[in-house]
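# Geometric and topological summary
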Amino acid sequence: MFKASSFGLMPCKTFLQPKSSIKTEDNGKVKFYHTKVVRNPKLERLQYNYLFPEISARELQHVKKYPNARVISLGIGDTTEPLPEVVASSMANYAHNLSTPAGYRGYGAEQGSKELRKAIAETFYKKMGIKDKEVFVSDGAQCDISRLQLLFGSNMSIAIQDPIFPAYIDSSVIIGQTGDVDTESGRYQNIKYMKCGPHNGFFPNLWETERTDIIFFCSPNNPTGHAANREQLEQLVQFAQDNGSIIVYDSAYAVYVTDGPRSIYEISGAKKVAIEISSFSKIAGFTGVRLGWTVVPEELLYLNGFPVINDFNRIVCTCFNGASRIAQAGGLASLSSEGFKGVLSLVDHYKQNAEILLETFESLGLKAYGGVNAPYLWVHFPGSNSWDVFNEILEKTHIITVPGSGFGPAGKEFIRVTAFGHREDIIEASKRLTSLLS
Amino acid sequence: MSVIQQNLSTSMASSASIFIANYSFENNKSTNISIPGKFKAVVKCVAAPERTAYKTKVSRNENMAKLQAGYLFPEIARRKAAHMLKHPDAQVISLGIGDTTEPIPEVITSAMSKQLRASIASTYYADLGLDESDIFVSDGAKSDISRLQVLFGSKVRIAVQDPSYPAYVDSSVILGQTGLFQKDIEQFEKIEYMKCTPENGFFPDLSTVGRTDVIFFCSPNNPTGYAASRDQLTRLVQFAKENGSIIVYDSAYAMYVSDDSPRSIFEIPGAKEVALEVSSFSKYAGFTGVRLGWTAVPKELLYSDGFPVAKDFNRIVCTCFNGASNIAQAGGVACVSPEGIKAMHEVVGFYKENTSIIVDTFDSLGFKVYGGKNAPYVWVYFPGQSSWDVFSEILERTDVVVTPGSGFGPGGEGFIRVSAFGHRENVLEACERFKQLYK
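Read on for an overview of the structure. (Residues numbered from 1 in each chain as written. Chains lettered and ligands numbered in written order. Predicted model: local features only at pLDDT ≥ 70, side-chain atom pairs only at ≥ 80, totals over all residues. Heavy atoms only, no water.)

### Remarks on the overall build of chain A
Note the threshold: Helix and strand assignments come from DSSP, with helices taken as H or I runs of at least 4 residues and strands as E runs of at least 2, each series counted from the N terminus. Using C-alpha atoms as the atom set, the radius of gyration is obtained and then compared with a globule rule of 2.2 Å times the number of residues to the power 0.38. Under the scheme applied here, a residue whose accessible area is under 20% of the maximum for its type counts as buried, over 50% as exposed, and between as partly exposed, the area being computed with a 1.4 Å probe on protein chains only. Throughout, a residue-residue contact means that at least one pair of heavy atoms, one from each residue, lies within 4.5 Å. Accessible surface is estimated by sampling points in the Shrake-Rupley manner with a 1.4 Å probe; for residues, cover comes only from the protein chains shown. Note on charges: Lys and Arg go in the positive column, Asp and Glu in the negative column, and His and the chain ends are not counted at all. A charge is said to be at NZ when it belongs to Lys, at CZ for Arg, at CG for Asp and at CD for Glu.
Regarding its fold elements, chain A presents 13 helices and 15 strands. For a compact globule of 438 residues, the expected C-alpha radius of gyration is about 22 Å, and chain A comes in at 22 Å, within 12% of that figure. The dimensions of chain A, computed from C-alpha atoms along their principal axes, are 55 × 55 × 50 Å. Considering chain A as a whole, with its 438 residues, one finds that 63% of them fall into the buried category. A sequence separation of at least 24 residues applies to 74% of the contacts in chain A between residues at least 6 apart. Total accessible area computed for chain A in this model is approximately 16,300 Å², and 50% of it derives from carbon and sulfur atoms. If you average the places of the 44 positive and of the 45 negative side-chain charges in chain A, the two averages end up 5 Å apart.

What follows is the structure, encoded as structure tokens:
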């Protein structure tokens, strides 16, 4: 996770300004040498900073302003609870063994260790016919999203949920799939935004959605917390089949599902139309350790019959060199029977946090969505501007949240509250919110 | 199930990329596919006469189709695996893929967490005017190279040394910076290949090099082992300045420099305005599997409109990446502690001794040998021979894996790269076998 303290380059006042050339210091006084390399215009298209470093920076500003405040972060979705002992010690042992001749290992397979690929297939895709070799271990979903964009190239059209985790849009802009942003609506040209809100039960109206090559679909959803049910996912797969599209299904929060499908491959026919990405971050607390995976079924074919998996493998071999073997050792331990028990109890802890927060908002008469199948609550403040609500909550309760518009224009009246935190912080936060909002 | 599908299964398991160029699935058609590299076998592809497989309507990224074959090193790994299957009792020694073999010094593995960026800056760039804010820690140089390509975008043109580490060219193709592969000259259209041969002392004749936006330059060089001199790098920086180009300087082997050749491009005055530098803990601390490296982007490096390159790189790093593993970073902090630096020098020293042994061996056999002084690679000349043939012959007859020079570009044809990573006894044994083969 990018730390605000090392964000030395960006002066605070340029946050959230519309795109502008950053002037060099002493403009006009001293002539600085410029290369003749034209700045990549796609990067110029990006509107603001990536959302989460922005939130980090605001937190830092706030802490400077109120050095004695006990800031509670329910903002960036970062796990807080320690790893199960068996997982941490597996990594410590693996690392230590690297200093012995017998235990030393060099380059690993770029696709990940055989054991881990097998364990992932068996743990998460049992009876779904996903083979080990269709599982590609990575250093996390955020990196995989960009590698998938590299794979797809600039000529693809994409559809995304609105609101959504910003990496799909930002990576799409960077790779050149989009046009400029429409400043009024906040939407990039060429991206199809599938609105998800209370009006449609947080599942897009597919019948009014145009065909795109790629459909990014995150469920359980970040930020709304909504987990699509079986019927909805069947619709989605059918829609993809009818249009010959590829679904990129982000299942990073699947283990939080109380009731309903966890993997897209639970839906018949999905292997022909979907790629699934996932992560150990929110399963095992690996946000800093960096481990995830992507499933690309062999049956997934391009228009000309070429298997997508072949090209993805090429990308993985050329643009990546494997996830850290130490992280992989930890991943394997977290999927052992003892490890997985420990991991699921962490998930339970966060789910209980979510329950507490849900009750709090309910008692305040605010509509809070999500929080049941995901560690996110999506709280509605009708008629408001989410950055204003964010600021007010921060100023008055020293709680960091994330303004809904950071996830897309449809998030404007919402605040995302994460359920990651130590229990006492969650309880304290609930108290403060109650005082502020009642 | 077609032969291609079967090929998929075995090679996936052995972690090799699919070494098959363009083909199309057409039912009831039998296609002979010849694998590049003059490999003798021919794979017969027969599509199964079953019901037609469902295809999406998504067109394949045409840049991927330009790539000629799989990434080089999985192909080497595939060949090694095939060889081992064929000769299960052979004691295969790998001096092919440049993978470290010696354990990581204990001081590094028992690390505590501290500020890595500051330590890298003070260890490698102390008197060169770079500080912690210029350092971006990564999961390794290979990933950084692709992130830099994403940063530059599809409209830039690159120059590479010929021969060079394949990731520069391959990532350029993937990003759409190049045209098609021209089989006759074995070059991609729109890439400027800067030939590095014994004739020009392994430093390009810059007067013959056309202007490109980006110049990839690796020194000490993989695969030739040559480290550019201060004078040469000064000319390179000058060249970049005159052309307004950006140098991507790959210094992954800097700690192997034995003489007074520069270790960082930033030792050259003016370099901060034209260069960024990529490096890695892989070959210093044996972190090939741990995954840790860095890229240094000076604040003075500006695009044509004055926008700082570092700002955009930061954006890429925030959006397309989520940091190197914190455990690897903890190890990195120990690497750049005083004890850790000493330990890394010992590791490097060990591989350098291996290198000497290999150099002496080929010398004594009467070969023209290059590199091996400032890098863990020995570049051996086999005039008039196809390097893939020499590779195959060495593998077949000595069970030693090396890397064919043409895998690094047309300028590598006629050469074999022997890497010096290995347990001492394996290196000695391999050299014995070379002596037997070539006596």
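### Examining the overall build of chain B
Summing up its helical and strand segments, chain B has 14 helices and 17 strands in all. Taking the contacts inside chain B whose residues are at least 6 apart along the sequence as the reference set, 71% of them involve residues at least 24 apart. In the form shown here, chain B has an accessible surface area of approximately 15,800 Å², with 51% of it arising from carbon and sulfur atoms.

### Notes on the interface of chain A and chain B
Interfaces are often sized by the amount of accessible area the parts lose when they come together. We count it as follows: One speaks of a salt bridge when a side-chain nitrogen belonging to Lys or Arg is within 4 Å of a carboxyl oxygen belonging to Asp or Glu. Polar contact is defined as a pair of N or O atoms within 3.5 Å, subject to the rule that within protein one atom must be able to donate a hydrogen and the other to accept it, and that residues adjacent in sequence are counted only when both atoms are side-chain atoms.
Listed as interface residues are 94 residues of chain A and, on the opposing side, 97 residues of chain B. Put simply, chain A and chain B have 4 salt bridges between them. The closest approach of N and O atoms between aspartate 170 of chain A and arginine 315 of chain B, which form a salt bridge, is 2.9 Å. If you look at where chain A meets chain B, you find 24 residue pairs in polar contact (both at pLDDT 80 or more).

### Brief notes about the packing of aromatic side chains
Selection rule: Side-chain rings of Phe, Tyr and Trp, where Trp is taken by its six-membered ring, are said to pair if the distance between their centres is within 6.5 Å; with planes under 30 degrees apart they count as stacked, over 60 as edge-to-face, and otherwise as tilted. Charge-over-ring contacts are defined here by two conditions on Lys NZ or Arg CZ: a distance within 6 Å of the ring centre and an angle within 35 degrees of the ring normal.
Summed over the entire model, instances satisfying the criterion amount to 50 aromatic pairs over all chains. Ring centres of phenylalanine 136 of chain A and phenylalanine 312 of chain A lie 5.0 Å apart, and the angle between their planes is 85°; this geometry places the pair in the edge-to-face category. Of this pair, phenylalanine 136 of chain A sits in strand β2 (residues 135–138) while phenylalanine 312 of chain A sits in helix α9 (residues 308–319), placing them 176 residues apart in sequence. With a centroid separation of 4.8 Å and 80° between ring planes, the pair formed by tyrosine 350 of chain A and phenylalanine 420 of chain A is classed as edge-to-face. Of this pair, tyrosine 350 of chain A sits in helix α11 (residues 337–363) while phenylalanine 420 of chain A sits in the loop between β15 (414–418) and α13 (423–437), and the two are 70 residues apart along the sequence. Pair check on accessibility: tyrosine 350 of chain A and phenylalanine 420 of chain A agree, each one buried. One aromatic cluster is present, formed by Phe52, Phe165, Tyr168, Phe202, Phe216, Tyr369, Trp378, Phe407 and Phe414 of chain A through successive ring pairs. Sitting above the plane of the phenylalanine 136 of chain B ring, arginine 117 of chain B keeps its charged end 5.7 Å from the centroid. We note lysine 241 of chain B situated over the ring of tyrosine 33 of chain A; from NZ or CZ to the ring centre the distance is 4.8 Å.

### Comments concerning the sheet that holds strand β14 (residues 402–403) of chain A
Strands belonging to one sheet form pairs held by backbone hydrogen bonds; the direction of such a pair is parallel or antiparallel. Residues and elements named next belong to chain A. Rule in force here: Only when DSSP finds a minimum of two bridges between them are two strands counted as paired. Only the stretch in contact is used when fitting a helix axis, every axis being a line fitted to C-alpha atoms; angles between N-to-C directions are given from 0 to 180 degrees.
Taken together, the 4 strands give an open sheet; going across it, the order is β11-β12-β15-β14, and neighbouring strands pair in antiparallel fashion. Across the chains shown, the open sheet's two edge strands, defined by having one partner strand only, are β11 (367–370) and β14. Packed onto the sheet, α11 meets β11, β12 (376–380) and β15 and runs at close to 10° relative to β12.

### Description of helix α2 (residues 51–65) of chain A
Owing to its 3.6 residues per turn, the α-helix brings residues three or four apart onto one side. The condition is simple: Expected helix span is given by 1.5 Å per residue-to-residue step, counting one fewer step than there are residues.
When the terminal C-alpha atoms of α2 of chain A are compared, their 21 Å separation across 15 residues agrees well with the 21 Å that a helix rising 1.5 Å per residue should span. Listing the buried residues of α2 of chain A in full gives Leu51, Phe52, Pro53, Glu54, Ile55, Ser56, Ala57, Arg58 and His62 of chain A. Buried residues in α2 of chain A make contact with α12 (386–397), β13 (399–400), β14 and β15 of chain A together with α10 (309–320) of chain B.

### Brief notes about helix α6 (residues 167–175) of chain A
All names here are of chain A. Burial analysis of α6 places 9 of its 9 residues in the buried class, which makes it a mostly covered element. Those residues of α6 that sit buried are Ala167, Tyr168, Ile169, Asp170, Ser171, Ser172, Val173, Ile174 and Ile175. Where α6 ends, the next residue or the one after it, glycine 176, has phi of about 100°, a positive value.

### Some words on the packing of α11 of chain A against α13 of chain A
All names here are of chain A. Here is the rule we go by: Note on terminology: angles under 35 degrees are roughly parallel, angles over 145 are roughly antiparallel, angles of 65 to 115 are roughly perpendicular, and the others are oblique. We call Asp, Glu, Lys and Arg charged. Ala, Val, Leu, Ile, Met, Phe, Trp, Tyr, Cys and Pro are nonpolar, and the rest, Gly among them, are polar.
In contact at an axis separation of 10 Å, α11 and α13 are set at 10° when each is read in the N-to-C sense. One finds that α11 runs roughly parallel with respect to α13. For the pair formed by α11 and α13, the contact residues are His349, Gln352, Asn353, Ile356, Leu357, Thr360 and Phe361 on the first element and Arg423, Ile426, Ser430, Leu433, Thr434 and Leu437 on the second. When grouped by side-chain class, the residues that make up the contact of α11 with α13 number 6 nonpolar, 6 polar and 1 charged.

### Considering the sheet that holds strand β17 (residues 415–419) of chain B
Residue and element names in this part refer to chain B. Overall, antiparallel pairing links the 4 strands, which are arranged β13-β14-β17-β16 in an open sheet. Each having just a single partner strand, β13 (369–371) and β16 (403–404) make up the two edges of the open sheet. Where β16 lies against β17, 2 bridges are found, and the strand directions are antiparallel. Across the sheet, residue proline 404 finds its bridge partner in β17, namely isoleucine 416.

### Remarks on unusual backbone geometry
Note that the residue after aspartate 162 of chain B, namely proline 163 of chain B, is joined by a cis bond; omega there is 15°. Mapped onto the elements of the fold, proline 163 of chain B is located in the loop between β5 (158–162) and α7 (167–175). Omega for the peptide link from serine 219 of chain B to proline 220 of chain B comes to -5°, which places this bond in the cis form. Within the element layout of this structure, proline 220 of chain B appears in the loop between β9 (214–218) and α8 (230–243). Positive phi is not limited to glycine here, since lysine 127 of chain A has a value of about 65°. Turning to its location among the elements, lysine 127 of chain A is positioned in the loop between α4 (114–124) and β2. For phenylalanine 202 of chain B, which is not glycine, the phi dihedral falls at a positive 60°. Here phenylalanine 202 of chain B is to be found in the loop between β8 (192–195) and β9. With a relative accessible area of 7%, phenylalanine 202 of chain B lands in the buried category.

### What about the environment of leucine 302 of chain B?
All names here are of chain B. One can find leucine 302 in the loop between β12 (293–296) and α10. Overall, the relative accessible area of 4% leaves leucine 302 in the buried class. Along the primary structure leucine 302 and valine 92 are separated by 210 residues, whereas in three dimensions their C-alpha atoms are 49 Å apart.

### Section: the pattern of salt bridges
Residue and element names in this part refer to chain A. In total, this model carries 36 salt bridges over all chains according to the counting rule given. Lysine 192 serves as the salt-bridge partner of glutamate 210, at 3.9 Å between the closest nitrogen and oxygen. In this pair, glutamate 210 sits in the loop between β6 (191–195) and β7 (214–218) while lysine 192 sits in strand β6, placing the two residues 18 residues apart along the sequence. Of the residues examined, lysine 192 reaches a relative accessible area of 25% and is grouped as partly exposed. A network of salt bridges, in which partner residues are shared, links Lys131, Lys133, Glu134 and Glu298.

### Regarding the environment of serine 138 of chain B
Residues and elements named next belong to chain B. Its location among the elements puts serine 138 in strand β4 (residues 135–138). Distance in space between the C-alpha atoms of serine 138 and glutamine 329 is 9.1 Å, their sequence separation being 191 residues. Apart from the residues within four sequence positions on either side, serine 138 is in contact with Asp144, Arg147, Arg291, Leu292, Gly293, Trp294, Phe321 and Ala324. At 2.9 Å, the side chain of serine 138 and the backbone nitrogen of glycine 140 are in polar contact.

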